[in-house]
Every structure is written in structure tokens, then in C-alpha cells.
Amino acid sequence: MDRLPRGRHGLSPEFVARNQRERLIAGLTQALYEVGYQKTTVSLIGRMAAVSKSDFYKHFESKDDCFVAAYDAGIERIREQVLAACEGAAGGEWSRRVRVAIAALLDLFSHEPALASIALVEGLRAGRGVYDRYQAAVESFVGVLRNGAPQPRAGGGVPETTDEAVVGGIASLLGRRILAGEAERLSELFPEILEFTLAAYLGAEEARRLVSAG
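Now for a look at the structure at hand. (Residues numbered from 1 in each chain as written. Predicted model: local features only at pLDDT ≥ 70, side-chain atom pairs only at ≥ 80, totals over all residues. Heavy atoms only, no water.)

1. Structural notes on the overall build of the protein
When its secondary structure is counted, the protein shows 11 helices and 0 strands. Traced from its N-terminal end to its C-terminal end, the protein shows the element sequence α-α-α-α-α-α-α-α-α-α-α. For the protein, contacts bridging at least 24 residues in sequence account for 63% of all contacts bridging at least 6. When the accessible surface of the protein is summed, it comes to about 11500 Å², and 50% of that surface belongs to carbon and sulfur atoms. (Helix = DSSP H or I, 4+ residues; strand = E, 2+ residues; numbered from the N terminus. Contact = heavy atoms within 4.5 Å. Areas by Shrake-Rupley, 256 points an atom, 1.4 Å probe, with all protein chains shown as cover.)

Put into C-alpha cells, the structure is as follows:
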């Protein structure tokens, strides 16, 4: 988020307020990635955002309040990226939509490791309220995966627990890699994660074939 020009600029108060809020959210997200939740202070957030401490409190009551806003904004951004990828592959096979969705997710995380960290690591550290948000965020992607999924079992479809296990498994794997300092290399996990996802619905052999076919 770009800083505002110094001095008189003719920008509306509403634009200035929105710009400051977005910069504070970006500042907190980056601070969390660099120093962690405990060491992230209001002063540090303000320095990273180039927003004064007094202006910080015009937008947020506390660091925790800013964190919740940043977390929600991050999850929404991830969701928009994944859904856009799925829409771009609309009309194709389910496995193709899964492929492009996973590729879009990993590409976003690899290029924006701070976003990956707040979504999959810091959300588990910031207390019960945010953990509930983390759970809801994970569950919100279940519908994306289930939409158009094959129904291989005679007499019934794939149970919802399968979708939940796959989405939760992906989140857990990525979170561990982020903690290991490998956030910028998450895109390298694409074949592994794609095969893991497809195998839950199509079987291991077909999943391997599709991954190898590209």
C-alpha cells in the first residue's frame, strides 16, 4: 500500500483514512512475519505503516483489534484468489479446477509469505477468538473443493469428512513449512499437494497419473 504524499494533497479525509487503515493492516501483517506476535507492538506497526501512534488508535482499539482486521482481510484475499482461479477454469473437469486452485494458492503464498504466515500460523497463536476464525476459514474452502467432485462410491458420495480432512491436511502441511522458514518455497509443494488432494477422490493411481500428465 503506497504512502500518501507529504504536505497538501487534496485527498478526501475518507480516502486518507482508508489508506491509513490498509497500511496499518499491511504493517501488522509484515511485522508478524518478521518478529512474531509477541514482539509486534503498536509502535512497530505504526513505523512499518508510516502512520503515527495517535492515528493508529483512530482506526483500532488495540493490536488485537488490528490483528483481527488483518486476519479477516488476508483470508478474504486468499479466498478471492482461489475463487478467481476456479472461475477461470469453469466448464473444465473437476481435477483441472483443483489443479489451478492449488497452483494459485501456492503461488500467492510463495510471493507473499507474510500473508501465508498470518493465515496459517499466527491465526493459531493469537487466542481463542482468532482460532475460531481460522477454523471457519479452513471450513469455508470445503465447498470449493466439493463443488463438482466425483462420486466414486456406489450407493453414496464422498463424505464431508473427506473434504474437511483434505483441506485441513493442506493447511497443516503448509503451516509446518512456514514455521520451518520455507514460506517462499511453498510453490515447490504443488505436485505433492495436488496428488494428496486428488487421491482422496480418485485413488492413488489415478492421482499420480493426472499429476504426471500435467
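Structure shown, so let's carry the discussion forward.
2. Digging into the pattern of salt bridges
Under the criterion given, the structure shown has 8 salt bridges. In this structure, Arg133 engages Asp72 in a salt bridge whose closest nitrogen and oxygen atoms are separated by 2.8 Å. Taken together, the positions of Arg133 in helix α7 (residues 128-140) and Asp72 in helix α4 (residues 63-88) put the pair 61 residues apart, joining distant regions of the chain. For Arg133, a relative accessible area of 34% gives the class partly exposed. Taking the relative accessible area as the measure of exposure, Asp72 reaches 35% and is therefore partly exposed. (Salt bridge = Lys/Arg side-chain N within 4 Å of Asp/Glu carboxyl O. Buried < 20%, exposed > 50% of the residue type's maximum accessible area, 1.4 Å probe, protein only.)

3. Description of the packing of helix α5 (residues 94-111) against helix α10 (residues 190-202)
Closest axis-to-axis distance for the α5/α10 pair is 10 Å, and the angle between their directions is 145°. For the crossing formed where α5 meets α10, the hand is right-handed. On α10, the residues that touch Trp94, Ser95, Val98, Arg99, Ile102, Ala103 and Leu106 of α5 are Phe190, Ile193, Leu194, Thr197, Leu198, Tyr201 and Leu202. (Axes fitted to C-alpha atoms, helices over the stretch in contact; angles between N-to-C directions. Left-handed = near helix turned anticlockwise from the far one by under 90°.)

4. Thoughts on α5
For α5, built from 18 residues, the straight-helix expectation of 26 Å at 1.5 Å per residue is met to within 8% by its first-to-last C-alpha distance of 26 Å. For α5, the buried fraction is high: 14 of the 18 residues fall into the buried class. (Expected span 1.5 Å × (residues − 1).)

5. Points about the packing of α5 against helix α6 (residues 113-120)
Think of two packed helices as two axes; the pair is described by the angle between the axes and how far apart they sit. Between α5 and α6, whose axes approach to 5 Å, the crossing angle comes to 110°. Judged by the inter-axis angle, α5 sits roughly perpendicular to α6. Touching Leu108, Phe109, Ser110 and His111 of α5 are Pro113, Leu115, Ala116 and Leu120, all from α6. Residue classes in the contact of α5 with α6 are distributed as 6 nonpolar, 2 polar and no charged. (Parallel < 35°, antiparallel > 145°, perpendicular 65-115°, else oblique. Nonpolar A, V, L, I, M, F, W, Y, C, P; charged D, E, K, R; others polar.)

6. Thoughts on the side chain of Thr197
For Thr197, the location among the structural elements is in helix α10. Residues contacting Thr197, with those up to four places away along its chain left out, are Val98, Ile102, Leu145, Val166 and Ile170.

7. As for the packing of aromatic side chains
Enumeration according to the criterion identifies 6 aromatic pairs in this entry. Ring centres of Phe67 and Tyr71 lie 6.3 Å apart, and the angle between their planes is 15°; on these two criteria the pair is classed as stacked. Taken together, the residues span about one helical turn, with Phe67 and Tyr71 both in helix α4 at a distance of 4 residues. Exposure remark for Phe67: the relative accessible area of 1% places this residue in the buried category. You can call Tyr71 buried: its relative accessible area is 1%. When the ring of Tyr131 is compared with that of Tyr134, the centres are 6.1 Å apart and the planes differ by 25°; the resulting orientation is stacked. Placement of the pair is Tyr131 and Tyr134 together in helix α7, with a separation of 3 residues, close to one helical turn. With a relative accessible area of 9%, Tyr134 lands in the buried category. (Phe/Tyr/Trp six-rings, centres within 6.5 Å; stacked < 30°, edge-to-face > 60°.)

8. Brief notes about the environment of Val100
Looking at the secondary structure, you find Val100 in helix α5. We classify Val100 as buried; its relative accessible area is 17%. For the pair Val100 and Leu194, spaced 94 residues apart in sequence, the C-alpha separation works out to 9.7 Å. Non-local contacts of Val100, meaning those with residues more than four positions away in its chain, are made with Ala85 and Ala89.

9. Structural notes on the environment of Arg208
Relative to the elements of secondary structure, Arg208 occurs in helix α11 (residues 204-213). Spatially, the C-alpha atoms of Arg208 and Phe196 are 9.2 Å apart, while their sequence positions differ by 12 residues.

Distances and angles like these do not, on their own, reveal function.
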